[in-house]
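# Observations on the three-dimensional arrangement
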Amino acid sequence: MKLLRQGKSSASGDPSQSMRTTTGNGIDTSRTIHFTFDGRRYAAHPGDTLASALLANGVRLAGRSFKYHRPRGILSAGAEEPNALVELRTGARREPNSRATVTELFDGLEAASQNRWPSLAMDALGINGVFSPVFTAGFYYKTFMWPAAFWEKVYEPMIRRAAGLGRAADEADPDIYEKATTFCDVLVVGTGPAGLAAALTAGRTGARVLVCEQDSLPGGRLRAEHGEIGGMPGWQWAEQAMDELRQMPEVRIMTRTCVFGTYDGGTYGALERVADHVPTPAPDQPRQRLWRIVARHAIVATGGIERPIVFPNNDRPGIMLAGAVRTYINRFGVTPGQRAIVYTNNDDGLRTARDLHRAGATIAAIVDARTTETPLARDMAQLTGAKLFMGGAIADTYGRLGIHAAVIREHSGLTQRVPCDLVAMSGGWNPELSLTTHQRTKPVYDETLCAFVPGTMPAGMRSAGVANGTFATPDCLREGTTCGQDAAQACGFSATVADLPAAGTESYAIVPLWHALPLDRPARTGKAFIDFQNDVTAKDVRLAAIEGFRSVEHLKRYTTLGMATDQGKTANVNALAQMAEQTGSSIARTGTTMFRPPVQPVAIGALAGAARGRHFKPDRLTPTHDWATEQGAVFTANGLWHRAQWFPRPGETHWRDTVNREVRTVRTAVGFCDVTTLGKIDIQGPDAATFLERVYVNAWRRLPIGRARYGLMLREDGFAYDDGTTARLGENHYVMTTTTAHAGSVMQHLELCHQWLWPELDVRFISVTDEWAQLAIAGPKSRDVLRHIVDPAFDISNEAFGYMAAATVTICGGQEARLFRLSFSGELAYELAVPARFGDALARLLMKVGAPYGIAPYGTEALGVMRIEKGHPAGPELNGQTTAHDLGMGRMLSTRKDFIGRAMAARPALTDPARPALIGLVPVNAGDELVAGGHLLPAGAQATAAHDQGWVSSAAWSPTLNGWIALGFLSNGPARLGETVMVHNPLGNSVTAARVVSPVFVDPNGERLHA
Amino acid sequence: MPEVLHPRDAVSPVPLTAHGVTLRAGAMRESVSLAAFRGQADTLRAFVGKEFDVDLPDTPRSVENADGITFIWAGPNQWLLRAAPGTDLLTRLSPCAAFAALTAQGDSRTALELRGPGARAIAAKLVPVDLHPRAFAAGDVALTLAGHIAVILRQVDDTPCYEFLVFRSLAQSLHHELHTAMLGGIPQADRIS
Amino acid sequence: MRLNCPCCGPRGLEEFTYRGDATVRRPESPTAPAQDWVDYVYLRDNPAGPHRELWYHGAGCRSWLVVTRDTRTHAISDVVRAVDVARADKEGAGS
Ligand SMILES: [Zn+2]
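Residues numbered from 1 in each chain as written. Chains lettered and ligands numbered in written order. Predicted model: local features only at pLDDT ≥ 70, side-chain atom pairs only at ≥ 80, totals over all residues. Heavy atoms only, no water.

Turning our eyes to something else, we now look at the overall build of chain B. Per the secondary structure count, chain B includes four helices and 11 strands. Against the compact-globule benchmark of 16 Å for 193 residues, chain B has a radius of gyration of 17 Å, which places it among compact chains. Its C-alpha atoms put chain B at 55 × 50 × 30 Å along the principal axes. Burial statistics for chain B: of 193 residues in total, 59% are counted as buried. (Helix = DSSP H or I, 4+ residues; strand = E, 2+ residues; numbered from the N terminus. Rg over C-alpha atoms; globule rule 2.2 N^0.38 Å. Buried < 20%, exposed > 50% of the residue type's maximum accessible area, 1.4 Å probe, protein only.)

Take a look at the structure:
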């Protein structure tokens, strides 16, 4: 650690940022901002990530590992980071498991390490490392099996405490998220040389191009390297290219936007981090925006991810990916170490020595796994003065909270200990091809590149640059240009390709290196990590192979490899290469697991968007909603609808007082209720009656104009589906009502019947549910009230407008309305429909003109009580398991016509009289409560399934009968009136004796209906 | 003396503005659905052509005649007509009753208008169809969703202005969702100059 | 997934409702053999490959559609209006 404090004076002039040794192309050193990590305050510059700022301040220890609580530092400089996971912010905005490497720093950011106690440097659970044999591959399956009772009480809490990640916020997320859909001809993912070349080429054709860059700055690896394009530093060329793209009217650019998934039909998911880089979003500004992108063509130019090298104790803070080291130097002006070892199997890694040297670091050694010395290796060693170990390996490392020495094993087998504070390692690059595999198109292994490259591509997708296995910058530019041209052309835009800018070619020249030491001689000490986030080691992979978990899918699940939040971005290829070696197979034959969306974690909040809390789903409001609110109504949800449940009045202390009063009002005077929510479908056409005959069980041909009829619909399997009344308004004109619950599905059903089953029928439908405000006006005085509203030209006397009459009338001096004499309550009742805009006024008018008659509004609860009293089936009776026979409507089934469900309803099992059928129940002991859901048993029978003879479907306190009543289904029920059965309620553990009665409790002869 | 019924708006008529986009509930209009009976579409088209001097569109579009009556494609062989109050559409259409279903729809749908240079970007937060001028122009219609709510969407002009015809019972919810989308601002990719 | 409605154009999955097999047809008569009804109501093949299915454009034009979808890849090779298929079938059967 001492070494770290000896950094040379900083380029930024801020003494606290001791490792800020040069200027970077991505930071603004003219300004200094501050942040805290584990409570300590540090300085940084705008443009820093949390990781670069920590490194600038000499902080190497960033977290503790998942299983073993090993001290971990910063491995990468990108989205693949497995180690440096931190908690950001505090309170409701506390966000765990955030990758420090992609966290844009802002002034005042509070960050904290996680998975440690009491402190990061002094972690009590580091002892897990001592007990590590317990945590080897398959430990979930082996260790915690016995005794079973220990799982919940001991093991699970222990694992949760010990092997956790960060803490989620324990308050509701205060931020706003939103979603949007966008379309383009060509989607370009990534703004490295390939992506920019593609975007420029496609953009110049006039095609609609959408460019997504997950970073805040364009350029990709161009920001991390020295290479030039078009005679200027690559990152400058990238910024110029972006400027040109911004000038193109049909090119749209989204930075800080990660395209995280490829879906069917050219659909992509992307997450735009709108305000993650500021302390809090502006008022009303969304924190993140979830995009659904529909693209005719997509170009995946997502670059690559570098592989670590698997060697013992390769996880100490200060051991980093070589490419990340160059990123910190060139983009952020941070030199992550002063005395470095470069360990590589390829030329790209070698060049890290040059960048470190230029930044002023000492290169202690260059360890090149390749056995033959190359001119580049020799040049690098000469330039930096480093000792070169061709064919060498790192055999071990030292340093508890940060590396301070490495053991280098020469090709000859001799070892030597070399002090260092940084190891820059490169095992080669994996093309970042996740997006190309989400549609289950498999990548293929390329022996020359030692990596998987995209194989068959999904329709409309191309890949370019490193993502496609193309490494040299001129090749990336050329490939991007070709892809952009082809994609635009495929969308009908012709491209003239501009000359490519000049760029230097740098060699790659990789050899396979899947482990530093031969596998048959495992180091006695020192874990060689493959998956840093899930703490999976080379030994675990070996164990999985020995125990027979050899397919990549088994390997993954047995060892948890690749199952952490980073999805094994740095781990998978090393692991399956080792598995291939263990099993004597090739990598190509061993295969790779497929990637699944999202490529990077997506917050649930972003997926929910604005559909949260009260706005989770839309609200449907009835025309009388505002009036009912004024009346103090209590509302209930009925699907999307909000319906008045009851209308409490002062002095009523329990909702049942209110409901009882509302029921009595209807039964003795008059009440009204908004029934707009019932589905209303306008049906017209020469074949309308025939059509009704086909969808309802009963006959319709003879229904006269001006009359309504109750209808029952079955499903094709013969069970009851929906019911309601349909009125005939004209020769070929009907209006159907459905239940509130099935309004949408009945419409869909009718369309299917018409378009698919009987296209020869000439009939049309349209929903008029919203067109009409429909109020039920019920009670012996309902006609008296209506006489004040319906224009006198219309005779609504019982003689002229009897039960089930339907007519178009005018009210209030000429306003068109529809009047139906229908009753759900069993009383003299009407339903009056007015254009919805007048619904509110009609309610107010009813209150006024009805006052002398004692009118009161009633809600759905009183409606429910009254329909039970009258024995009308509703949702609990039409539950999808009951037939027309069960409902006592068997005689309605016509045998003179075809209708939906007729054939299947005739099956013997569906007409068996032993089936439970609708009956009424009253308690034998007055005052006993009947509960819906209770099972019906013969008197004296044991409460067993064998004795189960039916169930209670609906129950209510009846103020009319002054006792509990219920509807239910009882085997052979209609033949058992008068019998006593037991209502067994297993939830309340009660048994109540009940007498079987007719389901019609009120006015069984229908005298009130016809009054 | 009979009581007069006063109409009530489904949503507040007060316009709301954010980020240069204005949301306004349209005035109530007469509206009638016209659905041709089987094999009668040409007869209906001929009648409408003669009576209203307009060609009924066969694709998701709308046309307006000289009297300001809008004819909106609303599905195969089905149209929604919207006109100023007092037009008495049903009477003018009554000769159609022999070959088309006529259904009053004036109270079924509420019109919500989203207008302003950023209206397209705001609409894209709710509407999953391509509204780019190359794909969707003034007069074009889409029967689609706005969030979870089914709408008839129509581009009124090139401001752009979009009209959302939403079921009256859902108008308040859609109004809220549109306003929320407006407050969220114009995304970076859609900078409106 | 996206379906190209013949009336409305390409739309996202959320506008549609899936029903199922479009290859089974309702028996012509309620007195058809019971086995025909059982086949129609309950029995479905589950092919791996192209399959004809009924979808409903409920949030759009309310057309029922016959969609040919490869069940392995979700590739949609054909979308036509169900009413046209049904009419053609009936006319074919009638001639
Ligand atoms: Zn459609």
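Quick look at the interface of chain A and chain B now. Tallying the contact residues gives 59 residues for chain A and 50 residues for chain B. Regarding the contact of chain A and chain B, the summed buried area is about 4600 Å², with carbon and sulfur atoms giving 51% of it. When the buried area of chain A at its contact with chain B is split by residue, Arg764, Glu771 and Arg837 of chain A rank highest and sum to 17% of it. Taken together, the links from chain A to chain B amount to seven salt bridges. In this structure, Arg208 of chain A and Asp130 of chain B form a salt bridge, with 2.8 Å as the shortest nitrogen-oxygen distance. Inspection of the chain A/chain B interface yields 30 residue pairs in polar contact (both at pLDDT 80 or more). Counting only elements with at least two residues in the side of chain A that touches chain B, the list comes to β8 (177-189), β12 (251-254), β15 (288-300), β31 (620-621), β35 (679-684), β39 (764-767) and α22 (839-850) of chain A. Looking at the side of chain A that touches chain B residue by residue, the class counts come to 26 nonpolar, 10 polar and 23 charged. (Contact = heavy atoms within 4.5 Å. Buried area = accessible area lost by both parts, 1.4 Å probe. Salt bridge = Lys/Arg side-chain N within 4 Å of Asp/Glu carboxyl O. Polar contact = N/O pair within 3.5 Å; in protein donor to acceptor, adjacent residues only side chain to side chain. Nonpolar A, V, L, I, M, F, W, Y, C, P; charged D, E, K, R; others polar.)

The next point concerns the interface of chain B and chain C. Put simply, an interface is often sized by how much accessible area is lost when its parts join up. Counting residues at the interface gives 12 residues for chain B, matched by 12 residues for chain C. Both faces combined, the contact of chain B with chain C buries some 950 Å², and carbon together with sulfur accounts for 53% of it. Interface area lost by chain B to chain C is led by Pro76, Leu143 and Leu145 of chain B, which between them contribute 43%. Our enumeration of links across chain B and chain C arrives at zero salt bridges. The tally of links between chain B and chain C comes to three residue pairs in polar contact (both at pLDDT 80 or more).

Quick look at the coordination of the zinc ion now. Residues and elements named next belong to chain C. Here the zinc ion is held by the protein donor atoms Cys5 (SG), Cys8 (SG), His57 (ND1) and Cys61 (SG), which lie 2.0 to 2.4 Å from it. Each of the four donor atoms around the zinc ion contributes to a set of angles spanning 101 to 120 degrees, which defines the coordination as tetrahedral. Read N to C, the donor residues that coordinate the zinc ion are spaced as C-x2-C-x48-H-x3-C. Here His57 lies in the loop between β4 (50-56) and β5 (64-70) and Cys8 lies in the loop between β1 (2-5) and β2 (9-12), a separation of 49 residues in the sequence. By relative accessible area, which is 13% here, Cys8 ends up buried. On the basis of relative accessible area, His57 is assigned to the buried category, the value being 0%. (Donors = N, O, S within 2.8 Å, 3.2 Å for Na, K, Ca; no water. Tetrahedral: all angles 85-135°; square planar, octahedral: opposite > 155°, others 65-115°.)

Let's shift gears to the packing of aromatic side chains. Residue and element names in this part refer to chain A. Under the counting rule described, the total for this entry stands at 21 aromatic pairs over all chains. Centre to centre, the rings of Phe311 and Tyr343 are 5.6 Å apart; their planes meet at 55 degrees, and the pair counts as tilted. With Phe311 in the loop between β16 (304-306) and β17 (319-321) and Tyr343 in strand β18 (residues 339-344), this pair connects stretches of sequence that are 32 residues apart. The residues Phe311 and Tyr343 share a single accessibility class, namely buried. The aromatic ring of Phe529 is capped on one face by Arg72, whose charged end is 4.6 Å from the ring centroid. Just above the ring of Tyr68 sits the side chain of Lys527; from NZ or CZ to the centre is 4.8 Å. (Phe/Tyr/Trp six-rings, centres within 6.5 Å; stacked < 30°, edge-to-face > 60°. Lys NZ or Arg CZ within 6 Å of the ring centre and 35° of its normal.)

Residue and element names in this part refer to chain B. The five strands are arranged β4-β5-β6-β3-β7 in an open sheet whose pairing can be described as antiparallel. Either end of the sheet is taken by a strand with one partner, and the two such strands are β4 (62-64) and β7 (100-104). Taken pair by pair, the neighbouring strands of this sheet meet at an average axis angle of 20 degrees, ignoring direction. Strand contacts of helix α1 (residues 41-52): β3 (30-36), β5 (70-73), β6 (78-83) and β7, with the helix running at about 145 degrees to β3, the strand carrying the most contacts. (Pairing = 2+ DSSP bridges. Axes fitted to C-alpha atoms, helices over the stretch in contact; angles between N-to-C directions.)

What the rule picks out here adds up to 66 salt bridges over all chains. Taking the shortest distance from any N to any O, the salt bridge between Arg370 of chain A and Asp368 of chain A comes out at 2.9 Å. Of the residues examined, Arg370 of chain A reaches a relative accessible area of 7% and is grouped as buried. A salt bridge links Arg11 of chain C to Glu15 of chain C, with the nearest nitrogen and oxygen atoms 2.9 Å apart. Since its relative accessible area comes to 2%, Glu15 of chain C is described here as buried. Several salt bridges share partner residues, and in doing so they unite Arg221, Glu225, Arg326, Asp348, Arg351 and Glu506 of chain A into one network.

Quick look at the pairing of strand β43 (residues 829-835) of chain A now. Residues and elements named next belong to chain A. Burial within β43 is extensive, with seven of its seven residues counted as buried. In this sheet, β43 lies alongside strand β40 (residues 772-778) in antiparallel orientation, the contact comprising seven bridges. Across the sheet, the residue bridging to Ala773 is Val834, located in β43. Pairing of strand β42 (residues 815-820) with β43, which is carried by three bridges, proceeds in the antiparallel orientation. For Arg818, the partnering residue across the bridge sits in β43 and is Ala833.

Counting 80 residues, the largest nonpolar core has Phe35, Leu50, Ile341, Tyr343, Val423 and Met425 of chain A as its most contacted members. A per-element tally of this core places helix α1 (residues 50-56) of chain A first, with six residues. Setting aside anything within four residues of it in sequence, one finds Leu50 of chain A in contact with Phe35, Val86, Leu88, Ala100, Thr103, Leu105, Leu109 and Ala111 of chain A. Of all hydrophobic cores here, the second largest spans 42 residues; its members include Leu56, Leu89 and Ile152 of chain B together with Cys8 of chain C. (Core = buried A, V, L, I, M, F, W, Y, C linked by side-chain atoms within 4.5 Å.)

The next subject is the confidence of the model for chain C. Residues and elements named next belong to chain C. Averaged over chain C, the pLDDT score is 95; the fraction of residues at 70 or greater is 98%. Looking over chain C, one finds the lowest element-wise mean pLDDT in helix α2 (residues 82-94), namely 88, and the highest in β5, namely 98. In the model output, the complex is listed with pTM 0.94 alongside ipTM 0.98. (pLDDT = per-residue confidence, 0-100.)

Let us now look at the sheet that holds strand β33 (residues 641-646) of chain A. Residues and elements named next belong to chain A. The strand order across the open sheet built from three strands is β31-β33-β32, with neighbouring strands paired in mixed fashion. On the outer flanks of this sheet lie β31 and β32 (634-638), each paired with one strand and no other. One ladder, built from two bridges, connects β31 with β33; its direction is parallel. Residue pairing across strands places Arg620 opposite Trp641, the latter belonging to β33. Its contacts with the sheet place helix α23 (residues 860-870) against β32 and β33, and it is angled at close to 70 degrees to β33.

Residue and element names in this part refer to chain A. Taken across its six residues, strand β38 (residues 733-738) has six buried, putting it largely inside the fold. Where burial is concerned, the two faces of β38 agree: the one with His733, Val735 and Thr737 and the one with Tyr734, Met736 and Thr738 are both buried. In this structure, β35 lies alongside β38, joined through six bridges in antiparallel fashion. From the neighbouring strand, Asp682 faces β38, where its bridge partner is Val735.

Glancing now at the packing of helix α4 (residues 193-204) of chain A against helix α11 (residues 473-490) of chain A. Residue and element names in this part refer to chain A. Close contact between α4 and α11 brings their axes to 7 Å; oriented N to C, the two are set at 35 degrees. Crossing angle aside, the handedness with which α4 passes α11 is right-handed. In this structure, α4 contributes Pro193, Ala194, Ala197, Ala198, Thr201 and Ala202 to the contact, and α11 contributes Thr473, Cys476, Leu477, Gly480, Thr481, Gly484, Gln485 and Ala488. Residue composition of the contact of α4 with α11, by class: eight nonpolar, six polar and no charged. (Left-handed = near helix turned anticlockwise from the far one by under 90°.)

Once that is clear, we can look at the domain arrangement of chain B. Residues and elements named next belong to chain B. According to the domain assignment, chain B consists of domain 1 (18-27 + 108-183) and domain 2 (30-104). Taken together, the contacts link 10 residues of domain 1 with 11 residues of domain 2. With both sides pooled, the region where domain 1 packs onto domain 2 buries about 820 Å², and carbon together with sulfur makes up 58% of that total. Per-residue buried area on domain 1 facing domain 2 is highest for Val141, Leu143 and Arg154; these three make up 48% of the total on that side. Counting across the domain 1 and domain 2 interface gives zero salt bridges. Viewed at the interface, domain 2 and domain 1 are joined by two residue pairs in polar contact (both at pLDDT 80 or more). (Domains from an automatic or database assignment.)

Attention shifts here to helix α4 (residues 171-183) of chain B. Residues and elements named next belong to chain B. In a regular helix each residue adds 1.5 Å, so 13 residues correspond to 18 Å; α4 covers 18 Å between its end C-alpha atoms and thus fits that length. Of all the positions in α4, only Ala171, Ser173, Leu174, His175, Glu177, Leu178, Ala181 and Met182 are classed as buried. A positive phi of about 85 degrees marks Gly185, the residue just after α4. (Expected span 1.5 Å × (residues − 1).)

With that out of the way, let us pick up unusual backbone geometry. A cis geometry characterises the amide bond from Pro597 of chain A onward to Pro598 of chain A, with omega recorded as 0 degrees. Take Pro598 of chain A: it is sitting in the loop between α15 (587-590) and α16 (604-608). Cis geometry is adopted by the peptide bond preceding Pro160 of chain B, which originates at Thr159 of chain B and carries an omega value of 5 degrees. Structurally, Pro160 of chain B is set in the loop between β10 (149-157) and β11 (161-167). Residue Asn97 of chain A is not a glycine yet carries a positive backbone phi of 55 degrees.

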